[in-house]
Amino acid sequence: MNHRSKLAQRLGEGLAAQQQAGLLRTRQVQPQSLLDFAGNDYLGLASSQVLNTLAAEALTEVACGSGASPLVSGYCRTHQALEAKLCQRTGHEAALLFCSGFSANQALMKTLFSDADTVLADKLVHASIIDGLKDSGARLRRFLHNDAASAAAMAQKQSVTALITESVFSMDGDCAPLSQLRQLCDEQNAWLIVDDAHGFAIPRDDGGACDSQFADVQLVTFGKALGCQGAALLGSQLFVDYMVANCRHYIYSTALSPLAAQLALSALSLVDTPIRQQPLLDNIRLFRALCQQAGLSLLPSDTPIQPLLVGDNDTVMALAAALRQRGILVGAIRPPTVPVGSARLRITLSARHSRQDIEYLVSVLGELLPPQSQVEPQI
Ligand SMILES: Cc1ncc(COP(=O)(O)O)c(C=O)c1O
């Protein structure tokens, strides 16, 4: 490789600038010994014995690879069965599968919209939605986070094709006002598209799961609560027929592995049992109660995503490093993933955490973040 080329020079300068701004991202293999409060394995399925056993069984029944794109010969009975199960669960008429939620969102936006459309999206929707909308050429207007009145005010000023939100927000853990947004979309004759990546199969105290009652199109991912890999878009038969005929990501990409589809199907049969759901609900309540006792101010969330606002980029990195030294893995989230000045520890809870795990986490957080050092959440 020519390290003196113009491109190599630009890459080097880019990395140096990110380093300077405290925004350089790197990766590392995380030791198994760390207590993981960073992942999205909310129901503890990702590395569970039960899912491993089901994977071993699946290997005797389905192929590892799909061998082709879905419209050629890659679409198989296992895909069909998974789509049917997802439809049964959510009330949608039809579904189509993707290898990741990121590609599903990008594909959705790029296929549905063009420069003839105006689309409203919550200020905090996922990067994959924004990237897809940019590719589509649609006019994008961002309404204030979880603020249906802000969306309504924008919809008064222009004809809107669709409104996009997440059900449970990935970095804040709070929930969209789906009923109000649904009503607004009905008034505007617009579609409501809901990214349900972090809400799907998660127990909620208020029972407010997303389904076809709210969403015209719903994205679900298999890499969070289901502990697997892949994603699906769900909607009407018309929607899915249109996607199958026009979505370039779907038409020109190898279909999801039948093994991954079978595994997601197996995971779906496990998620609703009380032994998976109740420990997660208990852990969320325990964590919030202990934080309150310790004077730690959390953002208002009753989901497994529990952010602790820190503000400054360097401070959040230092805190994550200090937690790591104490054997705890927590996500340090900085801009551009979250707005400037709102760097945070993204703490995620799972059904597999024990009471002791959570008590230990809160005691270390209490030591590292005495009340006077904390940033008050702006609600
Ligand atoms: C809200 C949201 N949507 C979509 C995705 C992408 O899903 P996947 O990880 O399956 O690519 C993520 C990933 O974290 C997410 O947080």
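It should be emphasised that the depicted structure is a prediction, and the values quoted were computed from it without experimental measurement.

The rules we used
- All residue numbers refer to positions counted from 1 along the written sequence of the respective chain.
- Side-chain atom pairs in this predicted model are given and counted only at pLDDT of 80 or more, local residue features only at pLDDT of at least 70, and totals for whole chains, interfaces and linings cover all residues.
- Side-chain numbers come from the whole structure's heavy atoms, not from hydrogens or water.
- We call a residue near a molecule or strand whenever a single non-hydrogen atom of that residue lies within 4 Å of it.
- Distance and chemistry together define a polar contact, namely a pair of N or O atoms within 3.5 Å, with one atom able to donate a hydrogen and the other to accept it when in protein, and with adjacent residues in sequence counting only for side-chain atoms on both sides.
- Computed with a 1.4 Å probe, the accessible areas rest on the Shrake-Rupley method; for each residue, only the protein chains presented here act as cover.
- Numbered from the N terminus, helices here are DSSP runs of H or I no shorter than four residues, and strands are runs of E no shorter than two.
- Think of it as three bins: nonpolar holds Ala, Val, Leu, Ile, Met, Phe, Trp, Tyr, Cys and Pro, charged holds Asp, Glu, Lys and Arg, and polar takes everything else, Gly as well.
- Note on geometry: axes are C-alpha line fits, over the in-contact stretch for helices, and angles between N-to-C directions span 0 to 180 degrees.
- Working rule for angles: under 35 degrees goes down as roughly parallel, over 145 as roughly antiparallel, 65 to 115 as roughly perpendicular, anything else as oblique.
- A crossing counts as left-handed when the near helix is turned anticlockwise from the far one by less than a right angle, and as right-handed when that turn is clockwise.
- We call two residues in contact when some of their heavy atoms are within 4.5 Å.

With respect to the site of the ligand
Okay, so step 1: In the vicinity of the ligand, the contacting residues are S100, G101, F102, N105, H126, E166, S170, D195, A197, H198, T221 and K224.
Okay, so step 2: Take F102: an N or O atom from its main chain is 2.9 Å from an oxygen atom of the ligand.
Okay, so step 3: Taking D195, its side chain carries an N or O atom lying 2.6 Å from a nitrogen atom of the ligand.
Okay, so step 4: Relative to its unbound accessible area of 390 Å², the ligand is 82% covered by the protein chains.
Okay, so step 5: Here the shell around the ligand gets three residues from one element, more than from any other, and that element is helix α5 (residues 101-112).
Okay, so step 6: A class-by-class count of the residues in the shell around the ligand yields two nonpolar, seven polar and three charged.

Points about the packing of helix α13 (residues 313-325) against helix α14 (residues 355-368)
The angle between the axes and the distance between the axes are what describe a pair of packed helices.
Okay, so step 1: Two elements in contact, α13 and α14, have axes whose closest approach is 11 Å; the angle formed by their N-to-C orientations is 135°. As judged from the angle between their axes, α13 and α14 are oblique. Handedness of the α13/α14 crossing: right-handed. Note on element contacts: α14 touches α13 through L361, V364, L365 and L368, opposite L319, A322 and L323.
Okay, so step 2: For the contact of α13 with α14, the residue count by class is seven nonpolar, no polar and no charged.

Focus on the packing of α5 against helix α9 (residues 237-246)
Okay, so step 1: At a closest axis distance of 11 Å, the pairing of α5 and α9 adopts a crossing angle of 95°. Considering their axes alone, α5 and α9 lie roughly perpendicular with respect to each other. Contacts from A107, L108, T111 and L112 of α5 reach α9 at F239, Y242, M243 and N246.
Okay, so step 2: Broken down by class, the residue content of the contact of α5 with α9 amounts to six nonpolar, two polar and no charged.

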